[in-house]
Amino acid sequence: MGEKLQVPFVDLKAQRATIKDELDAAIENVIANTAFILGPDVAKFEEAFAAFCGTKYAVGLDSGTSALELALRAFDIGPGDEVITAANTYIATALAISYVGATPVLVDIHPETYNINVDLIEDAITERTKAIMPVHLYGQPADMDPILAIADKHGLIVIEDSAQAHGARYKGKRAGSIGHAAGFSFYPAKNLGAYGDGGAVTTNDPTVADKLRMLRDYGQTKKYHHQIQGFNRRLDTLQAAILRVKLQYLDEWNAARRAHAQRYHELLADVEAHLPVVPDFAEPVWHLYVVRVEDRDGMRAHLAENGVGTGIHYPIPIHLQPAYAELGLKEGAFPVTEEYAKQLLSLPMYPEISPELIEHVYSVMKEF
Ligand SMILES: *Cc1c(COP(=O)(O)O)cnc(C)c1O
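Quick look at the structure, then. (Residues numbered from 1 in each chain as written. Predicted model: local features only at pLDDT ≥ 70, side-chain atom pairs only at ≥ 80, totals over all residues. Heavy atoms only, no water.)

Focus on a nonpolar patch on the surface
A cluster of nonpolar residues, Ile 31, Phe 36 and Ile 37, forms a patch on the protein surface that exposes about 280 Å² of accessible area. You can see Phe 36 is positioned in the loop between helix 1 (12-33) and helix 2 (39-53). (Patch = residues over 30% accessible without salt bridge, like charges linked within 9 Å, V, L, I, M, F, W, Y side chains within 5 Å. Areas by Shrake-Rupley, 256 points an atom, 1.4 Å probe, with all protein chains shown as cover. Salt bridge = Lys/Arg side-chain N within 4 Å of Asp/Glu carboxyl O. Helix = DSSP H or I, 4+ residues; strand = E, 2+ residues; numbered from the N terminus.)

Some words on the nonpolar core
Grouped together as the largest cluster of nonpolar side chains are 32 residues, with contacts concentrated most on Ile 84, Ile 116, Ile 121, Ile 132, Tyr 138, Met 144 and Ile 147. Elements supplying a minimum of two residues to this core: strand 2 (82-86), strand 3 (103-107), helix 5 (144-154) and helix 10 (335-341). Per-element tally for this core: the top contributor is helix 5, with four residues. Once residues lying within four places of it in the same chain are set aside, the contact partners of Ile 121 are Ile 84, Val 107, Ile 116, Ile 132, Ile 147 and Ile 150. Core analysis: the next-biggest nonpolar cluster, separate from the first, contains 26 residues, Val 291, Tyr 350, Leu 357 and Tyr 362 among them. (Core = buried A, V, L, I, M, F, W, Y, C linked by side-chain atoms within 4.5 Å. Buried < 20%, exposed > 50% of the residue type's maximum accessible area, 1.4 Å probe, protein only. Contact = heavy atoms within 4.5 Å.)

A few points about the site of the ligand
Not every one of the 14 residues close to the ligand is listed here, only the nearest: Gly 64, Thr 65, Gln 164, Ser 185 and Lys 190. Interatomic distance of 2.8 Å between a backbone N/O atom of Gly 64 and an oxygen atom of the ligand. Note that an oxygen atom of the ligand is positioned 2.8 Å from one of the side-chain N or O atoms of Gln 164. Its free accessible area being 380 Å², the ligand has 92% of it covered by the protein chains. At a threshold of 2 Å from the grid points, most atoms of the ligand map onto the largest pocket. Broken down by secondary-structure element, the contributors of at least two residues to the shell around the ligand are helix 3 (64-74) and helix 4 (91-99). Residue composition of the shell around the ligand, grouped by class: four nonpolar, eight polar and two charged. (Near = heavy atom within 4 Å. Polar contact = N/O pair within 3.5 Å; in protein donor to acceptor, adjacent residues only side chain to side chain. 1 Å grid on protein atoms, 1.4 Å probe; cavity = no way out; pocket = protein on both sides within 12 Å on 5 of 7 lines; lining within 4 Å. Sits in = over half its atoms within 2 Å of the grid points. Nonpolar A, V, L, I, M, F, W, Y, C, P; charged D, E, K, R; others polar.)

Considerations on the packing of aromatic side chains
Considering all chains together, one arrives at 12 aromatic pairs under this definition. Geometrically, the ring pair formed by Phe 49 and Phe 52 is stacked, given 6.2 Å between the ring centres and 15 degrees between the ring planes. With Phe 49 and Phe 52 both in helix 2 and three residues apart, this pair spans about one turn of that helix. Judged by centre distance (5.0 Å) and plane angle (55 degrees), the rings of Tyr 170 and Phe 281 are tilted. Taken together, the positions of Tyr 170 in strand 6 (residues 169-170) and Phe 281 in the loop between helix 8 (250-267) and strand 12 (282-283) put the pair 111 residues apart, joining distant regions of the chain. Comparing Tyr 170 with Phe 281, the two get one shared label, buried. Within the aromatic cluster, the residues linked to one another by ring pairs are Phe 45, Phe 49, Phe 52, Phe 184 and Phe 186. For Arg 174, the ring lying beneath its charged end belongs to Phe 52, and the centroid distance is 4.1 Å. (Phe/Tyr/Trp six-rings, centres within 6.5 Å; stacked < 30°, edge-to-face > 60°. Lys NZ or Arg CZ within 6 Å of the ring centre and 35° of its normal.)

Examining the sheet that holds strand 12
Read across the open sheet, the three strands follow the order 7-6-12; overall the sheet is antiparallel. Each edge of the open sheet carries a strand with a single partner, namely strand 7 (173-174) and strand 12. In this sheet, strand 12 lies alongside strand 6 in antiparallel orientation, the contact comprising two bridges. Paired with Tyr 170 across the strands is Ala 282, a residue of strand 12. (Pairing = 2+ DSSP bridges.)

Thoughts on empty space enclosed by the protein
Applying the stated criterion across every chain yields a total of two cavities of 30 Å³ or more. A volume near 120 Å³ is recorded for the largest cavity. Along its surface, the largest cavity is lined by 14 residues, and Tyr 114, Tyr 138, Gln 140, Pro 276 and Trp 286 are the ones closest to its centre. Classifying every residue of the lining of the largest cavity gives 11 nonpolar, two polar and one charged. Volume-wise, the second largest cavity comes out at about 100 Å³. What lines the second largest cavity is simply Val 10, Asp 11, Leu 12, Gln 15, Pro 188, Ala 189, Lys 190, Asn 191, Arg 257, Tyr 350, Pro 351 and Glu 352. By residue class, the composition of the lining of the second largest cavity is six nonpolar, two polar and four charged. (Points joined across faces, edges and corners; volume = space filled by probe spheres on them.)

Right, dumping it as structure tokens:
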């Protein structure tokens, strides 16, 4: 027997190998210039990222969680307020809402798209509701037009959680350019990933962009002139230099992910699994390729035995986490989210994965 084929869930080393010289030069340049805090690399990255998203502004921050939190602060959302978001998301979405003193109000997901079920949003609105935070989960945009219409009708702010959706499009518009503002994460495994933590808010509103620049930098407009009690939440300059290099390849990498998703789609047609459904309005960027399998844990163990890494996004819904006992929600509150938490399975997906490895994932799943 030859060596068993190994398919990692993600492979960040494969990507670095393709652009190592450019990255090394960018890092060396920051260190040689010793402009470590903000400086030209952050400003140039912000300009390029805003252009990529089709917004007027991008403000670089220290994480995606900070981006969502500070975006809420920029709109003065705080104690006593409620923010509506999806029940199936990474816990950081809810935490950002909690950090400002507001209450996350969860809404169940749509059974086909796995994004917030727009038909359930209006029932969740109270006189305390200030914002809706749709999540473009797995890189597929939420159905934004109905969300914007509801927000308009009730006078609500819309902040997109775009942490998984760099480059995705909704009816031709980039994720992050549709609501009042959007939060992005540059966590290393995201479609645009730094070599550490990082994040950004995109917006077309100059007042919001200015407020975010103050919030991330001790509330100052110029050195030692503090307008508000801000934070230290700046995007690290080394990370900005790395992101500037990587942003040039993002469309290419997303196109590769799209081709891999298409290949999975064709191959897995004869495997007992629910495959991702892409609505007409969506051009996803496949941060994750997620299927649903009845015996998910059995399938996952079988894949692991055969060298295939997988993930679960997410195994325990937020409202059933001890951290959110305060919401007072029990099992049964969000039936779709709860059922799918037992079935969702994320298959290996990264731009550099080879067709051979995807075929291997398929044949291992087929024999289960
Ligand atoms: C990654 C992620 C975040 C948080 O981003 P960090 O950079 O890890 O703080 C928020 N929301 C979603 C949906 C994410 O996937």
